[in-house]
Amino acid sequence: WLSVSANNTYFVDLALGFDVAVYATAIALLLRYVFDREVMTSDRLWGAASAYLMIGLLWSFLFAIVDRIHPGSFSVRGAISPLALHDLIYFSFSSLTTTGFGDIVPVGRIAKTVATLQVIVGQLFIAILIAKLVGVYPAGLNEKKLEELESSENEDGERTGSLSPRKGQVVA
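Note that residues are indexed from 1 along each chain, following the sequence as it is written. Local features are withheld for residues below a pLDDT of 70 in this predicted model, meaning they are given only at 70 or higher, and side-chain atom pairs are given and counted only at 80 or more; totals for whole chains, interfaces and linings count all residues. Remark: hydrogens and water are excluded; side-chain values derive from all non-hydrogen atoms of the structure.

J.: If you had to explain the side chain of Ser-73 to someone new, which residues and values would you point to?
T.: Mapped onto the elements, Ser-73 comes out in the loop between α3 (42–69) and β1 (74–76). Whether a residue is buried, partly exposed or exposed follows from its accessible area with a 1.4 Å probe, protein chains only, as a fraction of its type maximum: under 20%, in between, or over 50%, in that order. The exposure class assigned to Ser-73 is buried, which follows from its relative accessible area of 4%. Apart from residues lying up to four places away in sequence, Ser-73 is in contact with Val-66, Asp-67, Val-105, Pro-106, Val-107, Gly-108 and Ala-111. By the criteria applied, helices consist of DSSP H or I runs no shorter than four residues and strands consist of E runs no shorter than two, each listed in order from the N terminus. The contact criterion used is simple: two residues touch if any of their non-hydrogen atoms lie within 4.5 Å.

Structure, rendered in structure tokens:
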């Protein structure tokens, strides 16, 4: 409000900096919770989805800072022009998801670098989240199956399976 009432752009820059700091801190804390070594729960999955959305918003604020420091960093349908925040949010999410429709394009060197970093972060986030999911769920299922095999008996009361010296292998 200070930038509007005082007609001073310094407060806009200050607000963008605070926005970046708050979102970065919130994302870091949320990801620390999501990628903890405990079992992945639906609560953690919702946290991961929230973190992904917050990452998109964080990068839109970073793009706004780049556009304010280096005017003309983005081209809209071939014409270089400053972007409104809703355009930067749109550009951020189309870059984060690697959709890249092409109607907004970074033309400045710093804008291209920031956009490239965002694409890398977006892809790494998805890859690491999937790796976490794959690493958590099957481990619990395999342990359950091993317990069932250890305790299984045939009709005569004899054990039908036993574990070999190599963990996880079953020999009849």
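Read on for the rest.
J.: Help me get a handle on the side chain of Gln-118, residues and values and all.
T.: With respect to the helices, strands and loops of the structure, Gln-118 is situated in helix α5 (residues 109–151). Given the relative accessible area of 0%, Gln-118 is considered buried.

J.: I'd like to hear about the environment of Thr-41, residue by residue, with values.
T.: Relative to the elements of secondary structure, Thr-41 occurs in the loop between α2 (10–34) and α3. With 92 residues separating them along the chain, Thr-41 and Leu-133 place their C-alpha atoms 9.9 Å apart.

J.: So what's going on with the pattern of salt bridges? Which residues, and what values?
T.: Every case where a carboxyl oxygen of Asp or Glu lies within 4 Å of a side-chain nitrogen of Lys or Arg is listed as a salt bridge. Taken as a whole and judged by the stated rule, the model has one salt bridge. The residue Asp-13 makes a salt bridge to Arg-68 at a minimum N-O spacing of 2.5 Å. In this pair, Asp-13 is assigned in helix α2 and Arg-68 in helix α3, connecting sequence segments 55 residues apart. Among the residues examined, Asp-13 registers a relative accessible area of 38% and is labelled partly exposed. Residue Arg-68 is classed as partly exposed on the basis of its relative accessible area, which comes to 37%.

J.: I'd like a rundown of the nonpolar core, residues and numbers included.
T.: Residues enter a nonpolar core if they are buried and are Ala, Val, Leu, Ile, Met, Phe, Trp, Tyr or Cys, with the set joined through side-chain atoms within 4.5 Å. Counting residues in hydrophobic clusters, the biggest one holds 28 residues, and the most contacted among them are Phe-63, Phe-74 and Phe-125. For this core, the secondary-structure elements that each account for two or more residues are α2, α3, β1, α4 (85–96) and α5. A per-element tally of this core places α3 first, with 10 residues.

J.: Explain the packing of aromatic side chains to me, using residue names and the numbers behind them.
T.: By convention, a stacked pair of Phe, Tyr or Trp rings (six-membered ring in the case of Trp) has centres within 6.5 Å and planes under 30 degrees apart, an edge-to-face pair has planes over 60 apart, and any other such pair is tilted. If you walk through the whole model with that rule in mind, you get nine aromatic pairs. Taken together, a centroid distance of 5.6 Å and an interplanar angle of 65° make the contact between Tyr-10 and Phe-11 edge-to-face. When the ring centre of Tyr-33 is taken as origin, the NZ or CZ atom of Arg-44, which lies over that ring, is 4.5 Å away. Only when the NZ of Lys or the CZ of Arg is both within 6 Å of the ring centre and within 35 degrees of the ring normal is a charge said to sit over the ring.

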